[in-house]
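Structural description and commentary
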Amino acid sequence: MSEAWQESDSKVFADLGRIYTPNRDEIESTLLRLIPARADERFWCVDVGAGEGWLSQRVLQRFNGAQVIALDGSSAMLARARERLAPYGQRATVREFRLESDAWIAPLPGGVRCFLSSIVLHHLDPEARWTLFRNLYRRLEPGGALLMADLIAPSSETERDYAAEFWDAEVKRQSTEMTGSLLAFDRFDGDQWNWYRHPDPGDRPSRLLDQLKWLEEVGFVGVSAFWLRAGHAVFGGFKAKP
Ligand SMILES: C[S@@+](CC[C@H](N)C(=O)[O-])C[C@H]1O[C@@H](n2cnc3c(N)ncnc32)[C@H](O)[C@@H]1O
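So, here is what we can say about the structure in this document. (Residues numbered from 1 in each chain as written. Predicted model: local features only at pLDDT ≥ 70, side-chain atom pairs only at ≥ 80, totals over all residues.)

Here the focus is the overall build of the chain. Along its length, the chain carries 8 helices and 7 strands. Relative to its length of 242 residues, the chain is compact, with a C-alpha radius of gyration of 17 Å against a globular reference of 18 Å. Taken along its principal axes, the extent of the C-alpha atoms in the chain is 50 × 40 × 30 Å. For the chain, the proportion of its 242 residues judged to be buried stands at 40%. (Helix = DSSP H or I, 4+ residues; strand = E, 2+ residues; numbered from the N terminus. Rg over C-alpha atoms; globule rule 2.2 N^0.38 Å. Buried ≥ 20, exposed ≤ 12 C-beta atoms within 10 Å, placed from the backbone.)

In structure tokens form, the structure reads like this:
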């Protein structure tokens, strides 16, 4: 794994990621709503850094014709994703990949309708993320989309403080609502997961405004931020049809 993400992180996140992610249900409904496909259409979707496969599973459930490739670099996450996606047979492929390398892009099917990614791409440095946006744009079929949820860098110290407090509040709320106790929040706090309070040099989030500009630079249209909460955003763009 990268310096930023270790197998020990995978074990924690596979169990607690739903609590640590601010309102994952809204992230899910936003991403699914924006996928440019009909429910019964045959198309390829790639989940970049799929973790234990929850988003891939939702795509397979919502879109009967979808074929999903779920990529991750953690053996613990890959094992969980394989188990979760096994009921979907050949509609789901779980594959190991390295985010820093572009070697995984060439073997993808010719036309990908949708690249999805949830809370992963901030592990790349900004230059590599720009290059990834460009490479994924090239692999999309016309009418396709790159849709991401990710941690974003603040534009001011005021925003940093706001995001830090809001993220803590969200994890506290979800810890109580989902488990009936604050133990999960205590773990989040103790392990210093709140990047706004505990910047980790291995995490390289960029400002939302910068990433929206990069998406336009590489050719995407309809580029926008579609959802924002506690320092996390859902954003992306579409490849125009000729
Ligand atoms: C915060 S988790 C998010 C997982 C999932 N997308 C979700 O929303 O629950 C980050 C994921 O990125 C993967 N990851 C981090 N750095 C990676 C790298 N350099 N190469 C491949 N995968 C990586 C981790 O294994 C982990 O599953």
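There's plenty left to go through after this.
We now examine the sheet that holds strand 3 (residues 92–96). With respect to topology, 7 strands assemble into an open sheet ordered 3-2-1-4-5-7-6, the strand pairing being mixed. Because the sheet does not close on itself, it has two edges, and the strands there are strand 3 and strand 6 (221–229). Across the sheet, the axes of successive neighbouring strands diverge by a mean angle of 15°, strand direction being ignored. The pairing of strand 5 (residues 140–151) with strand 7 (residues 232–238) spans 7 bridges and is antiparallel. Bridge assignment links Leu146 to a residue of strand 7, and that residue is Gly237. Contacts from helix 3 (residues 54–62) reach strand 1 (43–48), strand 2 (66–72), strand 3 and strand 4 (112–118) within the one sheet, and its direction differs from that of strand 2 by about 175°. Packed onto the sheet, helix 8 (residues 208–217) meets strand 6 and strand 7 and runs at close to 15° relative to strand 7. (Pairing = 2+ DSSP bridges. Axes fitted to C-alpha atoms, helices over the stretch in contact; angles between N-to-C directions. Contact = placed C-beta atoms within 7 Å.)

Here we take up the pairing of strand 6. Summarising the sheet, strand 6 and strand 7 pair through 6 bridges and their orientation is antiparallel. Residue pairing for strand 7: Ala225 is matched across the bridge by Phe235. As consecutive antiparallel partners, strand 6 and strand 7 are separated by 2 residues, and within that stretch Ala230 has a phi angle of approximately 50°, a positive value.

Attention now moves to the site of the ligand. The ligand sits among 22 residues. The nearest are Gly51, Gly73, Ser74, Leu99 and Ser118. When residues in the shell around the ligand are grouped by element, the largest group, 3 residues, is from helix 1 (residues 7–20). By residue class, the composition of the shell around the ligand is 10 nonpolar, 9 polar and 3 charged. (Near = placed C-beta within 6 Å. Nonpolar A, V, L, I, M, F, W, Y, C, P; charged D, E, K, R; others polar.)

If you trace the backbone, Asn194 turns up in the loop between helix 7 (183–190) and helix 8. The exposure class of Asn194 is partly exposed, given the 19 C-beta atoms found within 10 Å. Taking the C-alpha atoms as reference, Asn194 lies 9.2 Å from Ala163; in sequence the two are 31 residues apart. Once residues within four sequence positions are removed from consideration, Asn194 is found in contact with Ala164, Trp167, Asp168 and Phe188.

Here we come to the environment of Asn64. By secondary structure assignment, the location of Asn64 is in the loop between helix 3 and strand 2. Setting aside anything within four residues of it in sequence, one finds Asn64 in contact with Ala39 and Asp40.

Even without being glycine, Ile119 reaches a positive phi, approximately 60°. Along the chain, the position of Ile119 falls in the loop between strand 4 and helix 5 (126–139). By C-beta crowding, Ile119 is classed as partly exposed, having 19 other C-beta atoms within 10 Å. One non-glycine residue with positive phi stands out, namely Gln192, at about 60°. Position of Gln192 among the secondary structure elements: in the loop between helix 7 and helix 8. Residue classification places Gln192 among the exposed residues on the basis of 11 C-beta atoms within 10 Å.

With that out of the way, let us pick up the nonpolar core. Formed by 52 residues in total, the largest nonpolar core has its most connected members in Cys45, Ala70 and Leu146. Non-local contacts of Ala70, meaning those with residues more than four positions away in its chain, are made with Asp47, Ala50, Gly53, Ser56, Ala81, Leu85, Ala92 and Val94. By size, the runner-up hydrophobic cluster in this structure holds 12 residues, among which are Phe13, Tyr20, Phe185 and Ala230. (Core = buried A, V, L, I, M, F, W, Y, C linked by C-beta atoms within 7 Å.)

A word on the packing of helix 1 against helix 4 (residues 75–85). Interaxial distance between helix 1 and helix 4 falls to 8 Å at its minimum, and their mutual angle equals 35°. Of the residues in helix 4, those touching helix 1 at Glu7, Ser10, Lys11 and Ala14 are Ser75, Ala76, Met77 and Arg80. Grouping the amino acids of the contact of helix 1 with helix 4 by side-chain chemistry returns 3 nonpolar, 2 polar and 3 charged.

Moving on, we get to helix 4. Each full turn of the α-helix corresponds to 3.6 residues, which orients residues three or four apart in the same direction. Every buried residue of helix 4 is listed here: Met77, Leu78, Arg80, Ala81, Arg84 and Leu85. Projected down its long axis, helix 4 shows its buried positions confined to an angular sector of 165°, all on one face. Exposed and facing more than 90 degrees away from the buried side of helix 4 are Ser75 and Glu83. Turning to helix 4, the residues buried within the fold contact helix 1, helix 3, strand 2 and strand 3. (Arc of directions from axis to C-beta.)

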